[in-house]
Amino acid sequence: MKKVLITGAAGFLGSHLCDKFINEGFKVIGMDNLITGDLKNIEHLFKLESFDFYHHDVSKFVHVPDELDYILHFASPASPIDYLKIPIQTLKVGSLGTHNLLGLAKAKGARLLIASTSEVYGDPLVHPQNEDYYGNVNTIGPRGVYDEAKRFQESLTMAYHRFHGLETRIVRIFNTYGPRMRLNDGRVIPAFIGQALRGEDLTVFGDGSQTRSFCYVDDQIEGIYKLLMSDYAEPVNIGNPYEISILDFAQEIIRLTGTDQKIVFRPLPKDDPMQRQPDISRAKSILGWEPKVERGEGMKLTYDYFKSLSKEELQKSDH
Ligand code: NAD
Ligand code: UDP
């Protein structure tokens, strides 16, 4: 049985990756310090012999007794309000955490895939963003703690690949959504759906002309799996190129939820990227991957998930 270590296992993407690898017949070892994750996301796996869990901060030395074939490093705060609240941990998990996992991969002879992000492109001056674009990041701005940690993570990973011959993969993930996102994590989809369900106004930041392109989680997980199994070491964008402005998206959510909430405008956070759309030519040609789930369908599945949460969970809000 092949063995995979997944860091950030109790988070949104990490928990879906655990499910995917269990379904593919792997022994899965999950690791998480629960700083933004929730054990509820993986509690259905605890009864399985093919699943183990370590409660551990990967910015500290990582020890796993098992042999490992693959490591997926997904531990990191991932939403702007999280990484603004815990900036130092964000920098540490991208730098020290990545260093620990690269060392572990080298010791075990495992292949390591790191979760990078469209944020390495910052507030992009090139549109859509392809992997050859170097980005436009404000190193000392509030988002810099995340963006620069991820950029350093990529550099360190490529150094291990070139210098030690380690097998590495780098996925640049664009905005991904679906069940198990934290309702109060501040990201736009849980924020808008939570507001609609609580009967609150939808808070659009700025004038809402900034754009994002949203990828459903099942498509994202399939892309990550294909990249891990490929022999391609350079970064690959995985995301859905279908772009929408945040104002149009708020209106779409009002229609989806059948509520008559108003839209209210709030100040745009500093360095909020104005346009974001992945160029996925590389993923198409190298992995034969492209997203399949349309936004309408993915949003319906996501809305059903949030609707099924208890009243107490729904009331938890950071806004
Ligand atoms: P998430 O917050 O739901 O999950 C992150 C998990 O990592 C949490 O369970 C958290 O407790 C854990 N964690 C954080 N620091 C840790 C540490 N030091 N040690 C151990 N565990 C730690 O976020 P997510 O959306 O699932 O994101 C997962 C990864 O994907 C992150 O690396 C993120 O940067 C990347 N990513 C996600 C998106 C997206 O749209 N979801 C986009 C780009 C990149
Ligand atoms: N956003 C918004 N209202 C909210 C939360 C977010 O208008 O209540 C905007 C935010 O300013 C950004 C976009 O939605 O332009 C996506 O934000 P998110 O935090 O989901 O992701 P990121 O900025 O990291 O892409």
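Below, the structure is looked at part by part. (Residues numbered from 1 in each chain as written. Chains lettered and ligands numbered in written order. Predicted model: local features only at pLDDT ≥ 70, side-chain atom pairs only at ≥ 80, totals over all residues.)

Glancing now at the site of ligand 2. In the region of ligand 2, 15 residues are neighbours, and Arg187, Val188, Ala191, Thr203 and Phe205 sit closest. Secondary structure elements with two or more residues in the shell around ligand 2: α5 (188-198) and β8 (202-205). Considering only residue class, the shell around ligand 2 consists of seven nonpolar, five polar and three charged. (Near = placed C-beta within 6 Å. Helix = DSSP H or I, 4+ residues; strand = E, 2+ residues; numbered from the N terminus. Nonpolar A, V, L, I, M, F, W, Y, C, P; charged D, E, K, R; others polar.)

This part is about the site of ligand 1. In the vicinity of ligand 1 there are 28 residues, among which Gly8, Gly11, Gly37, Ala75 and Ala78 approach most closely. Those elements that provide at least two residues to the shell around ligand 1 are α1 (12-23), α3 (87-108) and β5 (111-117). Here the element with the most residues in the shell around ligand 1 is α1; it accounts for three residues. Of the residues belonging to the shell around ligand 1, the class tally is 13 nonpolar, 13 polar and two charged.

Burial of the side chains of strand β4 (residues 70-73) extends over both faces: Tyr70 and Leu72 are buried on one face and Ile71 and His73 on the other. Of the pairings in the sheet, the one linking strand β1 (residues 3-7) to β4 comprises four bridges and is parallel in character. The partner of Leu5 across the bridge, within β4, is Ile71. Two elements, β4 and β5, share four bridges in a ladder whose sense is parallel. Across the sheet, Tyr70 pairs through a bridge with Arg111, a residue of β5. (Buried ≥ 20, exposed ≤ 12 C-beta atoms within 10 Å, placed from the backbone. Pairing = 2+ DSSP bridges.)

Between α3 and helix α4 (residues 144-164), whose axes approach to 8 Å, the crossing angle comes to 15°. Taken together, the axes of α3 and α4 lie roughly parallel to each other. Along this stretch, α3 crosses α4, giving a crossing that reads as right-handed. Contacts between α3 and α4 involve Pro87, Thr90, Leu91, Gly94, Ser95, Thr98, His99, Leu102 and Lys106 on the former and, on the latter, Val145, Tyr146, Ala149, Lys150, Phe152, Gln153, Leu156, Thr157, Tyr160 and His164. Of the residues belonging to the contact of α3 with α4, the class tally is nine nonpolar, eight polar and two charged. (Axes fitted to C-alpha atoms, helices over the stretch in contact; angles between N-to-C directions. Parallel < 35°, antiparallel > 145°, perpendicular 65-115°, else oblique. Left-handed = near helix turned anticlockwise from the far one by under 90°. Contact = placed C-beta atoms within 7 Å.)

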